[in-house]
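Read off the chains here:
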Amino acid sequence: MNKNLILTGMMGVGKSTIGKNLAEKLSYSFVDIDHLIETKEGSSIKTIFKNKGESYFRKIEQDITLEMLKKKGLVIALGGGAFLNKSIRRLIKQSSISFWIDVKTDILIKRLEKTDKRPLLLKGNLNETVNKIYLERKKNYSEADFRIKCNFETKENIIEKIFKLYESSKIKG
């Protein structure tokens, strides 16, 4: 069975949108980890953070992600912080082909200005917060198999680029 295709990167980069399209193109199932968490918990991520805390959320995220990674033939959109988890990264390296969807922070900030769904952005200045989170996560994201810079690319070009890299990696791997 085919290796999973994993999408990682900051919140708001388009992992879910790109992932759905890739899954369709590959005839795989699409899994959005944040959506699975919300379904399992019966509440939004924002509410989970508020009522149970980030460490509770990260534990659920780890459990669900590791469970999904045991399956094959999936396109998985990770939550923005999931790839920071060593257990998740280790299993991804063994079982999957991973792509860091990277967008410049100024573009990201414009996308995130209109949302209040992202609990890590509710503290303080949006520009400072996004830049701080990006700098903290960049090192871990760079451990993905491929980095896809998406600043001025169309969605279609990004999907095609990932598709070709995934297909050629599958043959080698």
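Report on the accompanying structure. Quick caveat, the model's predicted, so the values are computed rather than measured.

Calculation rules
- Residues numbered from 1 in each chain as written.
- Predicted model: local features only at pLDDT ≥ 70, side-chain atom pairs only at ≥ 80, totals over all residues.
- Heavy atoms only, no water.
- Pairing = 2+ DSSP bridges.
- Helix = DSSP H or I, 4+ residues; strand = E, 2+ residues; numbered from the N terminus.
- Axes fitted to C-alpha atoms, helices over the stretch in contact; angles between N-to-C directions.
- Contact = heavy atoms within 4.5 Å.
- Parallel < 35°, antiparallel > 145°, perpendicular 65-115°, else oblique.
- Left-handed = near helix turned anticlockwise from the far one by under 90°.
- Nonpolar A, V, L, I, M, F, W, Y, C, P; charged D, E, K, R; others polar.
- Salt bridge = Lys/Arg side-chain N within 4 Å of Asp/Glu carboxyl O.
- Buried < 20%, exposed > 50% of the residue type's maximum accessible area, 1.4 Å probe, protein only.
- Arc of directions from axis to C-beta.

### Some remarks on the sheet that holds strand β1 (residues 4-8)
Across a sheet, strands are paired by hydrogen bonds formed along the backbone, either parallel or antiparallel in direction.
1) Next: Pairing is parallel in the open sheet, where 5 strands are placed in the order β2-β3-β1-β4-β5. Looking at strand neighbours, the two that pair on one side only are β2 (29-32) and β5 (146-149), the edges of this open sheet. Across the sheet, the axes of successive neighbouring strands diverge by a mean angle of 20°, strand direction being ignored.
2) Next: Sheet analysis places β2 next to strand β3 (residues 74-77), joined by 4 bridges and oriented parallel. Counted as the bridge partner of D32 is A77 from β3.
3) Next: Lying on the sheet, helix α2 (residues 33-41) is in contact with β2 and β3; it crosses β2 at an angle near 70°.
4) Next: Those strands touched by helix α7 (residues 126-141) are β1, β4 (96-102) and β5, and its axis lies near 150° from that of β4.

### Brief notes about the packing of helix α6 (residues 105-112) against α7
For any two helices packed against each other, the geometry is given by the interaxial angle and the distance between the axes.
1) Next: Contact pair α6 / α7: the axes reach a minimum separation of 10 Å and the direction vectors enclose 125°. Taken together, the axes of α6 and α7 are oblique relative to one another. Helix-helix and strand crossings are classified by hand; for α6 and α7 the assignment is right-handed. Here T105, L108, I109 and L112 of α6 come into contact with α7, specifically with L126, N127, V130, N131 and Y134.
2) Next: For the contact of α6 with α7, the residue count by class is 6 nonpolar, 3 polar and no charged.

### Regarding the pattern of salt bridges
1) Next: For the structure shown, the criterion picks out 11 salt bridges.
2) Next: Note that E41 is salt-bridged to K52, the shortest N-O span being 3.3 Å. One end of the pair, E41, is in helix α2; the other, K52, is in helix α3 (residues 45-52), and 11 residues separate them in sequence.
3) Next: With a closest N to O distance of 3.8 Å, E67 and K70 form a salt bridge.
4) Next: Classification of E67 by relative accessible area gives partly exposed; the value is 42%.
5) Next: The exposed category is assigned to K70, whose relative accessible area is 59%.
6) Next: Connected through salt bridges with shared partners, the residues E54, R58 and E61 form a single ionic network.

### Things to note about helix α5 (residues 86-95)
Three- or four-residue spacings in an α-helix give side chains the same orientation, since the helix completes a turn every 3.6 residues.
1) Next: Every buried residue of α5 is accounted for by I88, R89, I92 and S95. Each buried residue of α5 lies within a common arc of 150° when the element is viewed along its axis, so the set occupies one face. In α5, the exposed positions that point more than 90 degrees away from the buried face belong to K86 and Q94.
2) Next: Looking at the packing, one finds that the buried side of α5 touches β1, α4 (54-69), β4 and α7.

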